[in-house]
Amino acid sequence: MHGQRLTFRIHQYMEYNFRAIEQKWQQRWKETHAYRVSNNSSKPKCYVLDMFPYPSGAGLHVGHPLGYIASDIYARYKRLKGFNVLHPMGYDAFGLPAEQYALETGQHPAVTTENNINSFRDQLDNIGFCYDWEREIRTSDPAYYKWTQWLFLQLFDSWFNRKLSKAQRITDLVNIFETEGNANHECPGDRNIRFSAEGWKGFSEQDQREILMHYRIAFLAYAEVNWCAELGTVLANDEVVNGVSERGGFPVVKKKMRQWFLRITEYADRLLEGLEQVSFSEAMKDMQRNWIGKSQGAEISFEIEGVQGEKLVCYTTRPDTIFGVDFLVLAPEHELVDLITTHEQRQAIDDYKQYVQSRSERERMAEVKQVTGAFTGAYALNPFNGRQIPVWISEYVLAGYGTGAIMAVPCGDQRDFNFAKHFDIHITNIVGDAYNGEEANPTKEGKLVNSDFITGMDMKPAMELVISELEKRGNGKRQINFKMRDAGFSRQRYWGEPFPIIYKNGIPYAVDETTLPVELPHVENYKPGAEGEGPLANVREWVELGDGTIRETNTMPGYAGSSWYFLRFMDPKNDQVFADRNVMDYWNQVDLYIGGTEHAVGHLLYSRLWTKVLFDLGFLSFDEPYKKLVNQGMITGSSRIVYRVRGTHQFVSAGLKDKYETDELHVDVNIVDGVELDTEAFKHWRSDYTNAEFILENGKYICGTLSEKMSKRYFNAVNPNTLVEKYGADTFRMYEMFLGPVEQSKPWETKGIEGVHRFLKKLWRLFADEQKGLVVTNDAPTADELKTLHKTIRKIEEDTERLSYNTAVSAFMVCVNELSDLKCHKKAVLEQVLVLLTPYAPHVAEELWQLMGNSGSILDAAYPVFEQQYVTESAKEYPVSVNGKLRTTIVINLDVEADEAGKIALANEVVQKWLEGKEPKKIIFVKGKMINIVI
RNA sequence: GCGGGUGUGGUGAAAUUGGUAGACACGCCAGACUUAGGAUCUGGUGCCUUACAGCUUGUAGGUUCGAGUCCUAUCACCCGCACCA
C-alpha cells in the first residue's frame, strides 16, 4: 500500500501534468508579483499594448485571445532580451450592449459590466498572460472617467490655429479677437462670420460664446440622428435596416439634434502627415488616407435663374469639365431646395424628400442600379457662358460632403451618365473621341472639345486656368476638401461618461475642474427622454442645479475612454493628473499595438487626434500614440450543420441529404467531433431533439460545415476554457499561434490542437521519463546537437522579432524532432531551448527550468546567443535545372565558383541525358542557390 | 457604390530578397507495442501514372534562363463605411 502510493507519486510527478504545472506557476507568479512593472528602471523600455476589450456578456471565444497571445509572446520576449516591458490590460467598459441588456432585464449596467469583467478576467487568467494587473483600468470607473472628462474640457478650451497648424487655448483666441478681430483666422464653423476687434468687443457674452463655439475643438452643432419614435430612441446605423428599426421594424426618420462634435477635420492634414512616421501596414495607412479623403478641386458658384441673392455652390475635383455640365444635383436636404423649387414641381420634390427620409446613408451610396431623383424646376446658369442648367435633387448626393451640391458631367462620370440617361437629359460631349455614347469616360488625359476658351487644351492645365478665371470673376475658388467629417461625440444614452458641461441660459460652460468627476447618477429606468434625449434627462434632481442652470444630458460615445487609455496605463493610480509627465516621457509611444482592423478608422484616428491635441497643448512629448501597429486577423467560426427531414424528427447525414427535402439547422460545435456528430449528446442538447432519429452513413452522422462569424447564435463559439482544461494553456497558446500568420483571417478548427499538444509532450520527454524521472545529463553537446540548437536560436529570434509565430512554432517542432532523433538529453542544449520557448509556453518552460535545478525564474533568464560557427555548412545540394525544369540535384562545395560548378553539372549523368548531345547556350549559376542549363 | 484584404494538397499552412512549391502540423493509409487506446513509436501520403514521363499555387495573358512571388486583365470570397465596440 505504502509502496504503491510512492510509485503513484513519482508517476504523477514525471508525466507532463500540465494543469497542475500551470496552476502552480500562475499562483507562484501572482504571489511573487512576477509581472509587476516599475516606472523607474535603467533598462530600455518597451510598451506592448492590446486593444482592450469591451466586456460583453458572451465572454471570450477563441478568436479574442489571438492578438493577446501574440502581444504576450512579444512582451515576454522583450523582457528576456533585457527590456523593461509595460504590458497592461483593462476594459473598455462603457457601451450600448450593457444598456440594452438593462432595458430588457432591468439589471443595472454597472452590475452586468462588473460580472462580465469578472468572467473575462477568469478566462484571461487561465491562458497565463503576463499583464501587470495592478495597472488595470476600466473606462466606467469614476476615477478613470474623471480624466476623460478633464481631457474633454481641454478639447473644449482649445481651437485649431491654422496658421500654426496646432491647437491653442481659447484665451489666446480671445486675445487675438480683441486686438485684430478674426480677419486672420477664418471661422471653421461658419465661413461667413467676420468681425473686427471693435466688432468683437461690441458682442454680448452670448454672441461671443457662440462665435467661440465655432472655433472650439469640442463644439456643439446641429446634426441628424436616426430617430425611431416608436422605440423612443436614437438608433445606430447598424440598427436600421431598410429604413426601419431592426428591432420591431418601426419607421426611422432623420431628426436634428444639438450635439457635441470633435473638430477632427482641422487635423486632417496632420493626421495624414503623421502616417509617414509610424509603422502601420500600407493597407492600414491607405484605409486611413481614404477615410480622410483629401481631394483638390474648386468651389464654383452658379447663379440661379430668377433667384436673387443666393447662389448654388458646387464642389468639384474637375473644374476643367465646366462646359460639360448638363445639370446640377443637390442633396435632398440642401437648404436651398425649398427656395428654388417651382410651384409645378413642389409636389414631386416633397414626395421625393419623403422617400429619402427613410433611406440610410449606406443604401443611398450603394444603390446604383436604380436611379432616383426629382427636378426642382429651377435652372442654374453656367458662370462662363450663361447656359441654362436644370437643377435636380437626388439621394446619391450627400449633404455632408463638400457643399452638398455637385455639377454633373455625364460624359465624364458614370453616375451622372446613368442619371442623364434615366431622366433623358441632354449629354454634352467635351472629351471628343474618348466618349463613345455608351458609357462615361472619366479620363484626365486628353484635349477638351466644346469647351469655349479651354477648347483644345489639355485637361490638367485647363483645371488651373478655369480656377484662376473663376477667382478673377469672383464666382469660384480653389478648394481642398476632405471626405472625413467632424466626429459626432454625443450619444443619447445612459451608460457613458457624462459631459462636464452645464448650461446657463442655454449657453454651455465647463464645470469647475475641481468638481470632477461629474458622476453618472444611479437610475432605475433606462428609457430615453421624451424628445429623444438621453435617459439622464429624466433624472431631474441631477439635471437641475437651481437658478435655471442645467446639466448636459447626453453622454460621450464609446471611443471617448479608449482615445487616451494608453496614457493612463503608464500611471493608472494618479489622482492629481491624468498621468505624470515624467512617467509619460519615460514610456513614451506604444512600441507595439495589436488589435483588429475593425478599428482602422474609428478608434485609431480618434486616439491619434487626442494625442496630437495633447501634444499641441504641451502635455506630451510625442504626437503619435502608436509606433507600430499590427492587426490580427479575425478568426471565423466553423459552424456545423445538421439536416432535418422536413416535417419529421429524422436527421440525415450530410452525404445522404440530397435524397430528402431537408431543413438546415446549426448544431453546437462542442458536441461534434470534427464533422461527426455525437448523436447521444445531440439528443440531450435541446429538449425538442430528445426524440431525434438519425439516418447514418457508414454508421456515422456527418455534419455539414459552414464558415461564418463566431457567434452565440450559430453555436460555433469555442470557449478557450474548454481547451485549456483539456490540453493546457501552453498548448492553447502555441496552437493559436500555429494556426497561421497573426494578421491573417482564418477559420477556427479545434482538431489540429493535438499536434501541438504532442509536441509539448515530446519536449517533456527530452527532460523526463515517466518511469525513470529526470533524464537530463551534463554531457558536452555534439556538433549536430549544437547545430540544431543554433539553427533554432536564429530562427526563433528572427521569427519572434517579426511576429511570425506560426513559423516559430514549427521551428520548435523541428528542433524537438531533431533532438529526439539525436537522443539529446543534455542540459547545455535543453535549457537554452527552454529559454527560447518561454514566451510561447511559459508554464512548462518554468517547470522544467526549476526541475533542472536552476535558481531564479526563467522569466528573467539570459536569452541564448546565436553563434554562426555551429551552423556553417561547407557544401550544398544544388538543384540543377535544364531549361528551367528541375532535373536533378548535385552536392557541390560552397566555395566552388561558376565555371567549376558548370563543369560539374555538365558531367552529371542526368544532365547529360537531358542535353541529348546538344551544346548548352548558357549556364546560369547562382552561388548557394541553383544551377540552370539553357540549351 | 467607395475603401481594404484573401485565393497554394482532403485541411491549417510554409516558401523573409524572382531560384528545389507543399516545411511544420491535422487528417488519412499501413505497421509495431498493448488487456485496452482519443497513449506512444515507425513508414507512407499534391494530382495522374506499374514505372518513366507529365501536370500543379483562383482564371487568362505577359516579362524572365527561371514566376506562388513582378506586370496586365479577370473571377470568387471575406471585412469596414462614421451612434456596435
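Given the structure is predicted, the values throughout are model-derived calculations rather than measurements.

Another aspect to go through is the overall build of chain A. When its secondary structure is counted, chain A shows 31 helices and 36 strands. Projecting the C-alpha coordinates of chain A onto the three principal axes gives extents of approximately 105 × 85 × 70 Å. Relative to its 935 residues, chain A shows a buried fraction of 52%. For chain A, contacts bridging at least 24 residues in sequence account for 71% of all contacts bridging at least 6. Carbon and sulfur atoms form 48% of the exposed surface of chain A, whose accessible area is close to 42,700 Å². Seen as two clouds, the 107 positive and the 129 negative side-chain charges of chain A have centres 4 Å apart.

What follows deals with the sheet that holds strand 21 (residues 592-596). The four strands are arranged 2-1-21-22 in an open sheet whose pairing can be described as parallel. If you trace the sheet from one side to the other, it starts and ends with strand 2 (84-86) and strand 22 (629-632), each paired once. Strand-to-strand twist of the sheet, defined as the mean angle between neighbouring strand axes without regard to direction, takes the value 20 degrees. The sheet contact formed by strand 1 (residues 45-50) and strand 21 spans three bridges and is parallel. What sits directly across from D50, in strand 21, is I594. Against the sheet, helix 3 (residues 65-80) touches strand 1, strand 2, strand 21 and strand 22, its axis set at about 170 degrees to strand 1.

Now for the packing of aromatic side chains. Working definition: an aromatic ring pair is given by the centre-to-centre distance plus the angle between the planes. Following the criterion strictly, the structure yields 67 aromatic pairs and no others. Summarising the aromatic geometry, the rings of Y586 and W587 are spaced 4.8 Å apart at their centres and angled 65 degrees between planes, so their arrangement reads as edge-to-face. By way of ring pairs, the aromatic residues F152, F156, W260, F489, F499, Y559, Y606 and W610 are connected into one cluster. A cation sits over an aromatic face here: R28 above W25, 5.0 Å from the ring centre. In this structure, R551 packs its charged tip against the face of W542, placed 5.1 Å from the ring centre.

On to the packing of helix 4 (residues 96-105) against helix 5 (residues 109-127), then. Closest axis-to-axis distance for the helix 4/helix 5 pair is 9 Å, and the angle between their directions is 120 degrees. Here helix 5 runs oblique to helix 4, going by the angle between their axes. Where helix 4 crosses over helix 5, the two elements pack in a sense that is right-handed. Here A98, E99, Y101 and A102 of helix 4 come into contact with helix 5, specifically with P109, T112 and T113.

Here we take up the pattern of salt bridges. For the structure on display, the rule yields 49 salt bridges. As a salt-bridge pair, R289 and E282 come within 3.7 Å of each other at their nearest N and O atoms. A salt bridge links E897 to K927; the nearest nitrogen and oxygen atoms lie 2.8 Å apart. In this pair, E897 is assigned in the loop between strand 34 (885-893) and helix 30 (898-907) and K927 in the loop between strand 35 (922-926) and strand 36 (930-934), connecting sequence segments 30 residues apart. Sharing partners across several salt bridges, the network here consists of R270, R608, K612, D616, D623 and E624.

Looking now at the sheet that holds strand 5 (residues 218-228). If you walk across this open sheet you meet the four strands as 6-5-9-17, and the pairing is antiparallel. The sheet terminates laterally at strand 6 (233-235) and strand 17 (487-488), the two strands that pair on one side only. For strand 5 and strand 9 (residues 253-262), the ladder comprises 10 bridges, and the chain directions are antiparallel. The partner of A223 across the bridge, within strand 9, is M257.

With respect to spatial proximity, 64 residues lie near RNA strand B, and among them A236, R362, K726, R758 and N817 are the closest. Of everything in RNA strand B that lies within 4 Å of the protein, sugar and phosphate atoms constitute 62%. Here a base oxygen of RNA strand B and a side-chain polar atom of K795 are 3.3 Å apart. Here a base oxygen of RNA strand B and a backbone polar atom of E877 are 3.4 Å apart. For the surface near RNA strand B, the leading source of residues is helix 27 (residues 805-821), giving six residues. The residue makeup of the surface near RNA strand B, split by class, is 25 nonpolar, 16 polar and 23 charged.

The subject of this paragraph is unusual backbone geometry. Of note, the amide linkage connecting L516 to P517 takes the cis form, showing an omega dihedral of 0 degrees. Along the polypeptide, P517 turns up in the loop between strand 19 (507-510) and helix 17 (540-543). Backbone geometry at S165 places phi at a positive 55 degrees, although glycine is not the residue there. Tracing the chain through its elements places S165 in the loop between strand 3 (158-161) and strand 4 (166-169). We classify S165 as partly exposed; its relative accessible area is 37%.

Position of Y144 relative to the elements: it lies in helix 6 (residues 142-156). Once you skip the residues sitting within four places of it in the chain, Y144 turns out to touch I137, R138, T139, G561, W564, Y565 and R568. Separated by 2.6 Å, the side chain of Y144 and the backbone oxygen of G561 make a polar contact.

Right, let's get into the domain arrangement of chain A. Its domain assignment divides chain A into domain 1 (41-150 + 559-632), domain 2 (294-482), domain 3 (635-708), domain 4 (723-867) and domain 5 (875-934). On a C-alpha basis, the centroid separation for the pair domain 1 and domain 5 is 57 Å.

Let's shift gears to helix 4. Of all the residues in helix 4, the buried ones are A98, E99, Q100 and A102. Tucked inside the fold, the buried residues of helix 4 contact helix 5.

On to helix 23 (residues 720-727). Buried within helix 23 we find P720, L723, V724 and Y727. Summarising the axial view, the buried residues of helix 23 lie within an arc of 100 degrees, below the 170-degree limit, and thus occupy one face. The outward face of helix 23, more than 90 degrees from its buried face, is lined by the exposed residues E725 and K726. Summarising the contacts, the buried residues of helix 23 are in contact with helix 2 (18-31), helix 3, helix 5, helix 24 (729-738) and helix 25 (753-767). For helix 23, the side-chain oxygen to backbone nitrogen distance between the N-cap and N721 is 2.8 Å, and the N-cap itself is N719. A positive phi of about 95 degrees marks G728, the residue just after helix 23.

Let us now look at the environment of V816. Mapped onto the secondary structure, V816 falls in helix 27. You can call V816 buried: its relative accessible area is 1%. Sequence separation between V816 and A560 is 256 residues; the distance between their C-alpha atoms is 48 Å. Among all residues touching V816, those that are not within four sequence positions of it are F759, K762, L763 and L766.

Right, let's talk about the state of the cysteines for a bit. With the rule as written, the count across this model stands at zero disulfides. C314 takes part in no disulfide bond, and the closest cysteine sulfur to it belongs to C411, at a distance of 16 Å. We classify C314 as buried; its relative accessible area is 0%.

Definitions and limits used
Residues numbered from 1 in each chain as written. Chains lettered and ligands numbered in written order. Predicted model: local features only at pLDDT ≥ 70, side-chain atom pairs only at ≥ 80, totals over all residues. Heavy atoms only, no water. Helix = DSSP H or I, 4+ residues; strand = E, 2+ residues; numbered from the N terminus. Buried < 20%, exposed > 50% of the residue type's maximum accessible area, 1.4 Å probe, protein only. Contact = heavy atoms within 4.5 Å. Areas by Shrake-Rupley, 256 points an atom, 1.4 Å probe, with all protein chains shown as cover. Lys, Arg positive; Asp, Glu negative; His and termini not counted. Charge placed at Lys NZ, Arg CZ, Asp CG, Glu CD. Pairing = 2+ DSSP bridges. Axes fitted to C-alpha atoms, helices over the stretch in contact; angles between N-to-C directions. Phe/Tyr/Trp six-rings, centres within 6.5 Å; stacked < 30°, edge-to-face > 60°. Lys NZ or Arg CZ within 6 Å of the ring centre and 35° of its normal. Parallel < 35°, antiparallel > 145°, perpendicular 65-115°, else oblique. Left-handed = near helix turned anticlockwise from the far one by under 90°. Salt bridge = Lys/Arg side-chain N within 4 Å of Asp/Glu carboxyl O. Near = heavy atom within 4 Å. Polar contact = N/O pair within 3.5 Å; in protein donor to acceptor, adjacent residues only side chain to side chain. Nonpolar A, V, L, I, M, F, W, Y, C, P; charged D, E, K, R; others polar. Domains from an automatic or database assignment. Arc of directions from axis to C-beta. Disulfide = S-S within 2.5 Å.

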